[in-house]
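Single-letter residue listing:
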Amino acid sequence: MKKRTSSSLDRRAFLQTSAAGLVAASALSGTVRGADKPIAFAIHGGAGTILKSTMTPEKEADYRAKLTEAVTAGHEVLKKGGKALDAVVAAIVILEDSPLFNAGKGAVFTADGTNELDSAIMDGSTLAAGAVAGVKRIQNPILLARMVMEKSPHVMMIGAGAEAYAKKMGMPFVPPEYFRTEQRWRDLQKAKEEEAKKKTARRVVNPDEKYGTVGAVALDSAGNLAAGTSTGGMTNKKFNRVGDAPIIGAGTYANNASCAVSATGYGEYFIRSVVGHDISALIEYKGLPVGEAAETVLGKVAKLGGDGGVIVMDRNGRIALAHNTPGMYRASIDVDGKLYVGIYKD
């Protein structure tokens, strides 16, 4: 029998403590949604140049299985009467623990050969939000983002300060090598080679690049929305670069008056376009359907030169899974309980 390390035991204890509130709430409510209380859930695992012609059947099966596992886990929380926030966290933890995605275990490398992780979460019922950026030893940054939201007076913490707060709050750490995967390391070497050929410090665009950010949006049986996003950022990023994922109103946003949004893409353009809030504003103030709002804002991003995708859910559980890239890893379970898993443009 494989011996469990103290680190794994510490993490299990931390996760059990974090889930205690959810278990208690579910036990008290004992509920599945009623006809007048729809629930819905959606996730993404990043967008980019994702083509069936370059995907092996085995790899595609792996992605579909993990997306199905994560979206089902989040939806099960909602079916039991759990909160939208709990559903978002449940799904994102699964995606962060998978090397398939650029978040947590599968995070890409910086130019210095390290991994810097960003994450954010938002509660649509209160507009409370929490975010962390540039953390290096947190296995599940989404858990720390939620802790910042619920246990601190702040919205965002970064780097060493965020990790000092995590340590104070008893969150277990993992060694930096936990995040190393050979594929991500090879991606860094390729990016450096391309950069050297171009003889420029500017970001070199790889036509095969995928924005592996993960995220989730949820509507619970109480009518509350929530959104969360987690990422390792961009391969070969420098100078502690931070993208849109932890920026409230850009890569992550939730408001019960409109919708919940999680984005994936070229973060600089998503920040400049304030993507999450812009989609929310179009829904709240102009009454646009989720799909139209999402496509409108992605159109603005494209005009600036950016690409990527968004998942959007409105207060009635209507879902949009939109992207202006060849593919986006995505999955949803709608108000009728119908499961959808997609990868390519369709």
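Cut-offs and rules
Residues numbered from 1 in each chain as written. Predicted model: local features only at pLDDT ≥ 70, side-chain atom pairs only at ≥ 80, totals over all residues. Heavy atoms only, no water. Helix = DSSP H or I, 4+ residues; strand = E, 2+ residues; numbered from the N terminus. Buried < 20%, exposed > 50% of the residue type's maximum accessible area, 1.4 Å probe, protein only. Expected span 1.5 Å × (residues − 1). Pairing = 2+ DSSP bridges. Axes fitted to C-alpha atoms, helices over the stretch in contact; angles between N-to-C directions. Parallel < 35°, antiparallel > 145°, perpendicular 65-115°, else oblique. Left-handed = near helix turned anticlockwise from the far one by under 90°. Contact = heavy atoms within 4.5 Å. Nonpolar A, V, L, I, M, F, W, Y, C, P; charged D, E, K, R; others polar.

A. View of the environment of E292. The residue E292 is located in helix 9 (residues 290-304) in this model. For E292, a relative accessible area of 41% gives the class partly exposed. Sequence separation between E292 and A322 is 30 residues; the distance between their C-alpha atoms is 9.5 Å.

B. How the structure looks around unusual backbone geometry. Residue N236 is not a glycine yet carries a positive backbone phi of 70 degrees. Relative to the helices and strands, N236 is located in the loop between strand 7 (225-231) and strand 8 (252-255).

C. Main features of helix 3 (residues 84-96). Between its first and last C-alpha, helix 3 extends 18 Å over 13 residues, near the 18 Å set by a 1.5 Å rise per residue. Burial within helix 3 is extensive, with twelve of its 13 residues counted as buried. Here helix 3 has its buried residues at A84, L85, D86, A87, V88, V89, A91, I92, V93, I94, L95 and E96.

D. Spotlight on the pairing of strand 10 (residues 308-314). Buried residues dominate strand 10, accounting for seven of its seven residues. Here strand 10 shows a buried face lined by G308, V310, V312 and D314 and a second buried face lined by G309, I311 and M313. Note that strand 9 (residues 259-265) and strand 10 share seven bridges and pair antiparallel. Within strand 10, the residue paired with V261 across the bridge is V312. Here strand 10 runs beside strand 11 (residues 319-323); their pairing, made up of five bridges, is antiparallel.

E. Representation of the packing of helix 2 (residues 57-79) against helix 3. Across the interface, helix 2 lies against helix 3 with an axial gap of 8 Å and an inter-helix angle of 160 degrees. Between helix 2 and helix 3, the angle is such that the two are roughly antiparallel. Regarding helix 2 and helix 3, the two cross each other, and that crossing is right-handed. Residues K66, E69, A70, A73, G74, V77 and L78 of helix 2 form the contact with helix 3, whose own contacting residues are A84, D86, A87, A90, A91, I94 and L95. Among the residues making up the contact of helix 2 with helix 3, the classes are represented as ten nonpolar, one polar and three charged.

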